[in-house]
Amino acid sequence: MTKKRDRLEIIHDILRTIRDKGNEVKPTHILYKSNLSHQMMTAYLDELIEKRFVIEKIDKKKKKKYSLTETGFSYLNDYHKIKSFVDSYGLE
Amino acid sequence: MSFVNFSPPWFLGFDILLELLFFIITLIISVFAFKVYKKTYQKSILLFATGFFLISLSYLIQSLFNFFALSKLNENICVVINIRSVLFFNFMGIIAHIIFMILGLSLLTYMTLKIEKKRSFLLILLLPTLGLIFSKDLVNTFFMYSTLFLSFLLYHFIKNYIKKKDNKSLLIASSFVLLFIGNIYFILLPTNSLFYALGHIVNLVAYILIICNFYLVLKR
């Protein structure tokens, strides 16, 4: 049985999905890759937009697309240090 | 009275250096935790960072006031700031150290209990505060409350190690075992001044383990 992901891991998975798809991705792709319910994914995306990890764009076909900001890239770069620190103190 | 009054003569001065070292280590952890908070916006990390920051301040105050008492600088400071009694000045140092340490430990304990209600934090903070105000032996009561808080923190870190089973969580759990033992030595201070030195040395080993864990976190 796989371990339940914590909040930091879910955020990491969403941000990595966006980065790995050339930093421009549709919500359906995030939904598919992040393995979350639609409701959960929307809640996480809203939080990531509010905290400026991700920006939402509307393309020419009026479809939503998501990209990482500098903060989002910085989170991905430092993720292993953050996770290691949080795990060692049980701060999740 | 100052904390240095508890020290065996051969340990005078070393205690100040160690407290300064504890201040630097807890400050480093606190600053890093604040940086982690800025990237995660997780409330538990903010509480942890603030808790460690308050503890670092308590060590700084303890170190400074012990230095003032040892170098007799406290007498000059009392003249400059117009305080008549050196004893009162030293007592203020003890009070400030106790306030910051109890605040820091309460915040860390509140963080580990994972309770959202702010009233719970007030309860955690107010109970020892009242106990300290009405205590006849302020310093010993303070060490007893610190040990009580550390026992809750120890439970959290041991549980975390059992869950994670990795070297880093083992280092942190071990460091809190030592901090707990160090505080028990401080409780035993009225029986023998040697416990003052032993408490500091055990705390030194605990903070070395904390900084080792920090090195492993950064190394990754």
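The present account deals with the structure reproduced in this document. (Residues numbered from 1 in each chain as written. Chains lettered and ligands numbered in written order. Predicted model: local features only at pLDDT ≥ 70, side-chain atom pairs only at ≥ 80, totals over all residues. Heavy atoms only, no water.)

On to the overall build of chain A. Each helix and strand counted, chain A has 4 helices and 2 strands in total. Taking 2.2 N^0.38 as the reference for a compact globule, 92 residues should give roughly 12 Å; the C-alpha atoms of chain A span a radius of gyration of 13 Å, in line with that estimate. Over its C-alpha atoms, taken along the principal directions, chain A stretches across nearly 45 × 30 × 20 Å. The buried share of chain A, reckoned over its 92 residues, is 45%. When the accessible area of chain A is evaluated, it comes to approximately 5500 Å², of which 50% is carbon and sulfur surface. (Helix = DSSP H or I, 4+ residues; strand = E, 2+ residues; numbered from the N terminus. Rg over C-alpha atoms; globule rule 2.2 N^0.38 Å. Buried < 20%, exposed > 50% of the residue type's maximum accessible area, 1.4 Å probe, protein only. Areas by Shrake-Rupley, 256 points an atom, 1.4 Å probe, with all protein chains shown as cover.)

With that settled, consider the environment of S84(A). Relative to the elements of secondary structure, S84(A) occurs in helix α4 (residues 70-89). For S84(A), a relative accessible area of 7% translates into the label buried. Here S84(A) is in contact with K168(B) and V217(B), once residues within four sequence places are set aside. There is a polar contact of 2.8 Å between the side chain of S84(A) and the side chain of K168(B). (Contact = heavy atoms within 4.5 Å. Polar contact = N/O pair within 3.5 Å; in protein donor to acceptor, adjacent residues only side chain to side chain.)

With that settled, consider the interface of chain B and chain A. You'll often see interface size given as the accessible area lost when the parts meet. In this complex, chain B contributes 26 residues to the contact, which on the side of chain A involves 19 residues. Around 2200 Å² of area is buried between chain B and chain A when both sides are counted, 60% of it from carbon and sulfur atoms. The partner of K163(B) in a salt bridge is E92(A), and the shortest N-O contact between them spans 3.7 Å. Taken together, the connections running from chain B to chain A amount to 14 residue pairs in polar contact (both at pLDDT 80 or more). Contributing elements (two or more residues each) for the side of chain B that touches chain A: α1 (14-40), α2 (43-71), α6 (138-164), α7 (167-187) and α8 (194-219) of chain B. Counting residues per element, the side of chain B that touches chain A draws most heavily on α1(B), at 6 residues. Here the side of chain B that touches chain A is composed, by residue class, of 13 nonpolar, 7 polar and 6 charged. (Buried area = accessible area lost by both parts, 1.4 Å probe. Salt bridge = Lys/Arg side-chain N within 4 Å of Asp/Glu carboxyl O. Nonpolar A, V, L, I, M, F, W, Y, C, P; charged D, E, K, R; others polar.)

We now examine the pattern of salt bridges. Once their charged atoms are close, side chains differing in charge can pair, the charge on each being opposite to the other. Evaluation of the coordinates by the stated rule reveals 15 salt bridges over all chains. Residue K64(A) is joined to E56(A) by a salt bridge in which the shortest nitrogen-to-oxygen separation is 3.9 Å. The class of K64(A) is partly exposed, set by a relative accessible area of 42%. Between E92(A) and K164(B) there is a salt bridge whose closest N-O contact spans 3.1 Å.

Within the secondary structure, L218(B) is located in helix α8. With sequence-adjacent residues up to four places away left out, L218(B) is seen in contact with K81(A) and F32(B).

This brings us to a positive patch on the surface. On the surface, K21(A), K26(A), K33(A), K61(A) and K63(A) cluster together into a positively charged patch. By secondary structure assignment, the location of K33(A) is in helix α2 (residues 27-34). (Patch = residues over 30% accessible without salt bridge, like charges linked within 9 Å, V, L, I, M, F, W, Y side chains within 5 Å. Lys, Arg positive; Asp, Glu negative; His and termini not counted. Charge placed at Lys NZ, Arg CZ, Asp CG, Glu CD.)

All names here are of chain B. As enumerated under the stated definition, the model contains 28 aromatic pairs over all chains in all. Ring centres of F11 and Y196 lie 6.1 Å apart, and the angle between their planes is 85 degrees; this geometry places the pair in the edge-to-face category. With F11 in the segment before α1 and Y196 in helix α8, the pair connects residues that are 185 residues apart, well separated along the chain. Exposure remark for F11: the relative accessible area of 3% places this residue in the buried category. For Y196, a relative accessible area of 1% gives the class buried. (Phe/Tyr/Trp six-rings, centres within 6.5 Å; stacked < 30°, edge-to-face > 60°.)

What follows is about the packing of α1(B) against α8(B). Any two packed helices are characterised by the angle at which their axes cross and by the distance between the axes. Residues and elements named next belong to chain B. Across the interface, α1 lies against α8 with an axial gap of 10 Å and an inter-helix angle of 30 degrees. As summarised for this structure, α1 and α8 are arranged roughly parallel, according to the angle between their axes. α8 is crossed by α1, and the crossing has left-handed handedness. Contacts from D15, L18, E19, L21, F22, I25, T26, I28, I29 and F32 in α1 reach Y196, H200, N203, L204, Y207, I210, I211, F214, V217 and L218 in α8. Of the residues in the contact of α1 with α8, the class split is 15 nonpolar, 3 polar and 2 charged. (Axes fitted to C-alpha atoms, helices over the stretch in contact; angles between N-to-C directions. Parallel < 35°, antiparallel > 145°, perpendicular 65-115°, else oblique. Left-handed = near helix turned anticlockwise from the far one by under 90°.)

Residue and element names in this part refer to chain A. Tracing the backbone through its elements, the reader meets D6 in the segment before α1 (7-20). Side chain to side chain, D6 and K83 meet in a polar contact 2.9 Å long. Apart from the residues within four sequence positions on either side, D6 is in contact with K83, D87 and E92.

As a further point, take α1(B). Here α1(B) contains 27 residues, and its C-alpha end-to-end distance of 39 Å stays within 8% of the 39 Å for a straight helix at 1.5 Å per residue. Directly beyond the C-terminal end of α1(B), a positive phi value near 55 degrees is found at Y41(B). (Expected span 1.5 Å × (residues − 1).)

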